[in-house]
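Chain and residue survey
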Amino acid sequence: MAEGKDPADDEPLYEPIGAGKNQYDDEDDAGDSPSPGGAQVWLLAGSALATALQTVRSGRFWWESAAILGACWCAGTLLVIALVTGGDLPPDSHAWVYMLTAAMLVLMSCVLAVRWGYVRRGGGQDPVEGAVDGPLLDWARCSATGLVFASVAFVFLLLLAFWSESSPAIAGVTYVLMMLEVLVFGGIGAGAARWFEGQQGRVLAWGVAALLLVGNVLAVIALLPSVRAYEPVLVAINIQRDEFGTVVSYRCSPEFRGISEVYHTERIFWMATSNPMVILALIAGEAEPKENALDWLPGELQNAAEGTQVPCVEGQEQEKTGVEMPLALIGVGTQSGAAGILLAGGHRAARRRLNPAA
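Just so you know, these numbers come straight off a predicted model, no measurement behind them.

What follows covers the side chain of S166. Residue placement: S166 occurs in the loop between α5 (136-164) and α6 (169-195). Overall, S166 belongs to the buried group, its relative accessible area being 18%. Apart from residues lying up to four places away in sequence, S166 is in contact with A95, Y98 and A161.

All right, on to the environment of G187 then. Tracing the backbone through its elements, the reader meets G187 in helix α6. Taking C-alpha positions, G187 is 7.2 Å from L342, a pair spaced 155 residues apart along the chain. If we skip the residues at most four places from it in the chain, G187 touches W139, V182, A339, L342 and L343.

Over its 27 residues, α6 extends 39 Å from the first C-alpha to the last, a length consistent with the 39 Å expected when each residue adds 1.5 Å. Most of α6 sits out of view: 20 of its 27 residues are buried.

Right, let's talk about unusual backbone geometry for a bit. Although it is not a glycine, E165 sits at a positive phi angle of roughly 55°. Mapped onto the elements, E165 comes out in the loop between α5 and α6.

Mapped onto the secondary structure, A219 falls in helix α7 (residues 199-223). For A219, a relative accessible area of 27% translates into the label partly exposed. Separated by 52 residues in the primary sequence, A219 and M271 place their C-alpha atoms 7.7 Å from one another.

Attention shifts here to the nonpolar core. Judged by nonpolar contacts, the single largest core of 67 residues is most densely connected at Y98, L105, F185 and I188. Discounting chain neighbours no more than four positions away, the residues touching Y98 are L157, L160, A161, S164, S166, S167, P168, I170 and A171.

About the criteria used
- Numbers given to residues run from 1 along each chain, matching the order in which its sequence is written.
- Under the rules for a predicted model, residues below a pLDDT of 70 receive no local features and side-chain atom pairs below 80 are neither given nor counted, while totals for whole chains, interfaces and linings still include all residues.
- Side-chain figures throughout are based on the complete set of non-hydrogen atoms in the structure, without hydrogens or water.
- Runs of H or I in DSSP of at least four residues are treated as helices and runs of E of at least two as strands, each being numbered from the N terminus.
- Per-residue accessibility, obtained with a 1.4 Å probe over protein chains only, is compared with the maximum for each type, and a residue is labelled buried under 20%, exposed over 50%, and partly exposed between these values.
- Any two residues whose heavy atoms approach within 4.5 Å at even a single point are treated as in contact.
- In this scheme, a helix's expected span is set at 1.5 Å multiplied by one less than its residue total.
- In this text, buried Ala, Val, Leu, Ile, Met, Phe, Trp, Tyr and Cys residues form a nonpolar core when linked through side-chain atoms within 4.5 Å.

By themselves, these figures tell us nothing about what the structure is for.
Here's what the structure looks like:
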């Protein structure tokens, strides 16, 4: 051994791999480090919880909520009075005010969600990529605010149900639908705000919202003349109706009834299923049918979707099989698809701005 040489110099050297750790350190810490997916979920949940607490403590939120609830109730009352056209109010007028108020609140939740989702409440990392300032945090915060507002509206509707001696099931359906619409329209606002900055994003957000709130119904009305036809009709026999008077099945006899004007609404009605008011009518009409003034509406909407308002057109018979796709599910799927496209587009646009070379 040479004089002055350290014996440790003859030992083999191992270079640590990773951020200053050796293999054993990584193995020891593997069970303690959270997965990226778990961290992302906790980030979303923590941000949503903080926003909910901030909303509850905000005096402005309570004043605005009280004003919105009062305006919706007044609008429902005025609509009932206008429909009566100067006559005496019917015995179920309070129930109609209750249901129209619920419909107004669903509509307001959609409009508010777009506004809440579009407002960027400060920068933050997008949980999907961990390094992109994307729309998911804004979406989570919007959903938290919408949850608080929907809960306040639910309590208010329960009071109206007690006052009008109506079923509280409508309040429960409205609460669930309000939360769903907050998720959808909040995603539309948050995604559009990150997809296009400035006025373009605002136009995109409100344009898509207008299509889902008004444009789909107006499109069906505008297209009605294009689906009108004159078809041969046979005499319907063995007509069966449900407890609400809706035709559920019938047979066609060989006897010719004549030529009748028919609207083939089955070709265009699918566009209207994405409207929140249509979804509310479909679900609320089946929530408590025996005590609900809207019990006839789901059946009529289903007939419009199937184009069976006139029976035995060209000898086509009808028999319910119970396997038809629920119209409300089609509408919710259409809404969710629109929100998902905007959220994905907003995320990709935010990622490109942060990493132009990616």
